[in-house]
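# Structural characterization, general
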Amino acid sequence: MIVHESIDSHGTSKKYFQWIGSFPAVSKFALHLEYEIVLEQGEAFVIALSSIEKMLKTGKINEIIRFAVRQLSRGIVRNKNMSVFTQSFNPMTGTICWEEKDPDYDYHQEVARSAFADMLHDKERNEKYFAALKAAIDKKHALGKKANVLDIGTGTGLLSMMAAKCGADTITACEAFKPMAECAIKIIEDNGYADKIKLIFKRSTEITVGIDGDMPNRANILVTEVFDTELIGEGALSTFRHAHKVLLDNDSIVIPHSGTVWAQVVDSPLVCAWNRIEPVLNSTGDKILVDTPTVTRSCSGAAAVHDLQLSQLPRDSFKLLTKPLAVCRFDWSDVATLQLSESFSHKTKSIAAGTAHAVFMWWDLKMDTEGQVLLSCAPVWEHPDVKLELNHGKSTVELNEKIPWRDHWMQAVYYLSPAYEICSGQELTLVTSHDEYSFWYHLNDGSSMDEVNYQRPICDCFVHLAYSRTRIGQLNDKKRNKKYIQALEKRITSDSVCLCLSDNCLLGLAAAKLGSKKVIIFESNGLSHRVMEMFVKANGLSEKVRIVNSKDDLNPDDGVNLIFGEPNFVTSILAWDNIYFWHLSSRYPKHIARIPSAVTVRAVAVEFKDLHKIRAPVRKCEGFDMSRFDELVQEQFLQVSSDISDNQIEAHPLWEYPGQALTAPFTVVELHLDRNIDHQPDIQNSDTAFIACTGNCNGVALWVDWTLDASTEVSTGPIKDIVPGSNISWDPYTRQGVFLPRKNFAVTRNDLLQWSVHFSPISGAVQFTFKITMGDN
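Everything quoted here is computed from the prediction, not taken from an experiment. (Residues numbered from 1 in each chain as written. Predicted model: local features only at pLDDT ≥ 70, side-chain atom pairs only at ≥ 80, totals over all residues. Heavy atoms only, no water.)

Let's shift gears to the side chain of N191. If you trace the backbone, N191 turns up in the loop between α7 (178–190) and β8 (197–200). The exposure class assigned to N191 is buried, which follows from its relative accessible area of 19%. A distance of 2.8 Å separates a polar side-chain atom of N191 from the backbone oxygen of I187. Here D625 takes part through its backbone nitrogen, which lies 2.8 Å from a polar atom of the side chain of N191. Excluding residues within four positions of it along the chain, N191 makes contact with M161, F624 and D625. (Helix = DSSP H or I, 4+ residues; strand = E, 2+ residues; numbered from the N terminus. Buried < 20%, exposed > 50% of the residue type's maximum accessible area, 1.4 Å probe, protein only. Polar contact = N/O pair within 3.5 Å; in protein donor to acceptor, adjacent residues only side chain to side chain. Contact = heavy atoms within 4.5 Å.)

Dropping the structure here:
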């Protein structure tokens, strides 16, 4: 989390928080979102900081985001003619600069970075909501009653228009996000339902009922989609409870009708590697260089959910230890079942021996009162649409093609602490608990149950607060670690004075154990600094290692003769943001050896199976014209991407999103890190890449390769050679950059991908352009 300050043209100072990956528990969708907290009084800002710090310590990440949104709703009031100046952090240079923005800058960012289109492209979701609405409206009419529909959080107005098409007598929709609500009005008008649907610019909890209220009478049909990967993380429980109390008749039909949460215990070293730091070994693997502190080994880890596309995990990377258990059911039509906090114990028998590392979780919705319409978010091996075929011998890779893809609802991983060794056929008890917004799990043999089995896990070692899950995975990547250790072993002597320039990096401690005379570690992040001190003490290196947290403490007269890093900085979003290493190392003479010595940005044209849908135009959805929504997204995306500091390259963990290569990989730019960055001119490169196979070009993936020495590279991209026409295997512990064009291009071998890059080493500004040229032009 970074605190920013902005000043409008009237001189009003505003501060806000931005999550850019420093905190692991923030979901991947929140990674790119800014939550502004606009507070006029300095005291209020200090209180806000204090509140968020307390929430961090207790692992209540969801509460942090909700707190931010509540403050946001209280504070932003702007004159339409007002310009906004934002103070932003440049992760590549480590500098802060002021920029003048459009008065609606916040709206532009929210719309451009949102994934509304992903939901509208979810055909199964849309069809099943449509079917459930028709069944509910027909049921009311069959009873001789009017169908009065309330649509909470209407977004584009899609569900309200479905209700209108199904013959609802009255329809009231609410949407609190003003740009989206204004767009919905236009969409409703375009589709001819302006006289059928009343749209209220409010949250559902602010709607009034009565003669002078927003609704003259209570509704008897509620339709809403307020679910996330964790089912209840967007406040579904409080939304439904309030609706039953204030907005609905007693005999109302709620769509969806009910939700069931499923859990399955698994053994998976791959998954566990995202949660628990293992010791760092020497290059031969027979000696521990950096051990994990005891408090970290016993820590329960971050409490927040880890959302993943579980169907993309290699099937040999995990073992199922139990059958799926239906651990919790919510009847959205019955307020008595919608408790804000409760726990359940479920007894089961293990179906295999292994180490219980984690719980995989997903949910399904029964959309109608008869239970005939089921919407499932199950992973491929348990998905009802393909489970029969799986039992008949088809592979999960084949069947992945047949189940619905969605990025707004994935599956979840909850880590068990401690990891639990079990035998096949062993009696087990899985304890499921939830509060208003989240779940957590405990596993034991059922012989005794005490308070600890119901307590929410809390990180008390600070590692899981300071290090993202992606970063923990990197630190556990043995092949990656071996390359770095081998490079250090070649350089380090008893006279070595080393400078480690990276956040969350254990290489400095490894260098000390390899015999360095002295090691200076640069840790710019406060929490990371605290964690590194813990590692230094646990490994008995206090006499050899000094930690600094400001670049002003980097002194060229310290006698440093080796500079190294991974590089990794908590402020980085895209892989090349870590070129901050170059800025820091340029404070020292160029004759000092550097690891890495160079960095190369590489790219490949891709046909994504699904990822492109988050930016693809919707056009028509269930027969409704959504062109106004497409225009809104395009307009806002252009507004945001017009800033060089915020261009159209997004960060995604591409191992979760299948795609085949359409070109061979190509080099975009290569930078030599032993040169002083302050003397480097701007770089402008351009070239063409030949399309190598027929397909649809809907994206370009970018990554960086770090050159450690003449024979060793560490890649943040593919883990196998890229072959045009075949799926790409990506590193599961890094995020790659992705360019998603607004249009898909059908390409053949005669076509070309034209590309260019403009990079300013000094300012850190980088701009990529990509264009498909047909071969006959």
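Our next topic: the pairing of strand β6 (residues 148–152). Side-chain direction in a regular strand flips from residue to residue, so the side chains alternate between the two faces of the sheet. Counting buried residues in β6 gives five out of five residues, a clear majority hidden from the surface. Neither face of β6 is open: one carries N148, L150 and I152, the other V149 and D151, and all of them are buried. Sheet topology note: the β6/strand β7 (residues 170–174) ladder contains five bridges and is parallel. Note that in β7 the partner of L150 across the bridge is T172. After leaving β6, the chain enters helix α6 (residues 158–165) and then returns to the sheet as β7, a path that is right-handed. (Pairing = 2+ DSSP bridges. Right-handed = clockwise from strand over helix to strand, strands pointing away.)

This next bit is on unusual backbone geometry. Going from I255 to P256, the amide bond is cis rather than trans, its omega being 5°. Position of P256 among the secondary structure elements: in the loop between β10 (248–255) and β11 (258–267). The residue after I595, namely P596, is reached through a cis peptide bond having omega 5°. For N504, which is not glycine, the phi dihedral falls at a positive 55°. Counting through the fold element by element, N504 comes out in the loop between β23 (497–501) and α16 (507–513).

This part is about the packing of aromatic side chains. Across all of its chains, the model carries 22 aromatic pairs by this definition. With centroids separated by 5.5 Å and ring planes inclined at 40°, the aromatic side chains of F227 and W332 adopt a geometry described as tilted. Taken together, the residues F227 in the loop between β9 (219–224) and α8 (236–247) and W332 in the loop between β16 (325–331) and β17 (342–349) connect sequence positions 105 residues apart. The pair F227 / W332 is uniform in exposure class, with both members buried. Considering the side-chain rings of F360 and W381, the 6.0 Å spacing of their centres and the 45° angle between planes classify their relative orientation as tilted. Within this pair, whereas F360 is found in strand β18 (residues 354–366), its partner W381 is found in the loop between β19 (374–376) and α11 (387–391), the two being separated by 21 residues in sequence. Summarising the burial analysis for this pair, F360 and W381 share the class buried. Among the aromatic residues, those joined into a ring-pair cluster are F227, F240, F330, W332, W363, W409 and F439. Positioned above the aromatic ring of W381, the side-chain terminus of R315 is 5.9 Å from the ring centre. A cation over an aromatic ring shows up here: R530 above the ring of F462, its NZ or CZ 3.8 Å from the ring centre. (Phe/Tyr/Trp six-rings, centres within 6.5 Å; stacked < 30°, edge-to-face > 60°. Lys NZ or Arg CZ within 6 Å of the ring centre and 35° of its normal.)

Bringing the state of the cysteines into the picture now. All chains considered together, the criterion is met by zero disulfides. Residue C498 stays outside any disulfide, its sulfur separated by 9.0 Å from that of C500, the closest cysteine. Judged by its relative accessible area of 0%, C498 is buried. (Disulfide = S-S within 2.5 Å.)

Before going further, it helps to spend a moment on the environment of D687. Here D687 shows up in strand β34 (residues 683–690). Considering only alpha carbons, one finds D687 and Q754, 67 residues apart in sequence, at a separation of 6.0 Å. Not counting residues within four places of it along the chain, the set of residues in contact with D687 comprises L753, Q754 and W755.

Across the sheet, five strands lie side by side as β8-β7-β6-β9-β10; this open sheet has parallel pairing. The sheet is open, and its two borders are formed by β8 and β10, each paired with just one other strand. If you compare each strand with its neighbour and ignore which way they point, the axes differ by 25° on average. Running at roughly 150° to β10, helix α5 (residues 123–142) makes contact with β6, β9 and β10 of the sheet. (Axes fitted to C-alpha atoms, helices over the stretch in contact; angles between N-to-C directions.)

Spatially, β34-β40-β41 is the arrangement adopted by the three strands of the open sheet, whose pairing is antiparallel. The sheet is open, and its two borders are formed by β34 and β41 (766–773), each paired with just one other strand. On average, each strand axis in the sheet is tilted by 15° relative to the strand beside it, whichever way the strands run. Where β34 and strand β40 (residues 752–759) come together, eight bridges link them in antiparallel fashion.

Turning our eyes to something else, we now look at the nonpolar core. Within soluble globular proteins, side chains that are nonpolar tend to cluster in buried spots. Of all hydrophobic cores here, the largest spans 92 residues; its most connected members are F227, I255, V261, F330, W332 and Y441. Of all hydrophobic cores here, the second largest spans 52 residues; its members include V548, L584, C693 and C697. (Core = buried A, V, L, I, M, F, W, Y, C linked by side-chain atoms within 4.5 Å.)

Turning our attention to the pairing of β40. Side chains of β40 alternate between two faces, with L753, W755, V757 and F759 buried and L752, Q754, S756 and H758 left unburied. Pairing between β40 and β41: eight bridges, direction antiparallel. If you follow V757 over to β41, its bridge partner there is F768. Counted along the chain from β40 to the antiparallel partner β41, the turn is six residues long, and its residue G764 has a positive phi close to 80°.

Another point: the confidence of the model for the protein chain. Counting all residues, the mean pLDDT for the protein chain is 85, and 83% of those residues have values of 70 or more. Per-residue pLDDT stays below 50 along residues 1–82; that stretch engages in 174 contacts with residues further than four places along the chain or on separate chains. Scored below 50 in pLDDT, residues 640–646 makes 15 contacts in the model with residues more than four places away or belonging to other chains. (pLDDT = per-residue confidence, 0-100.)

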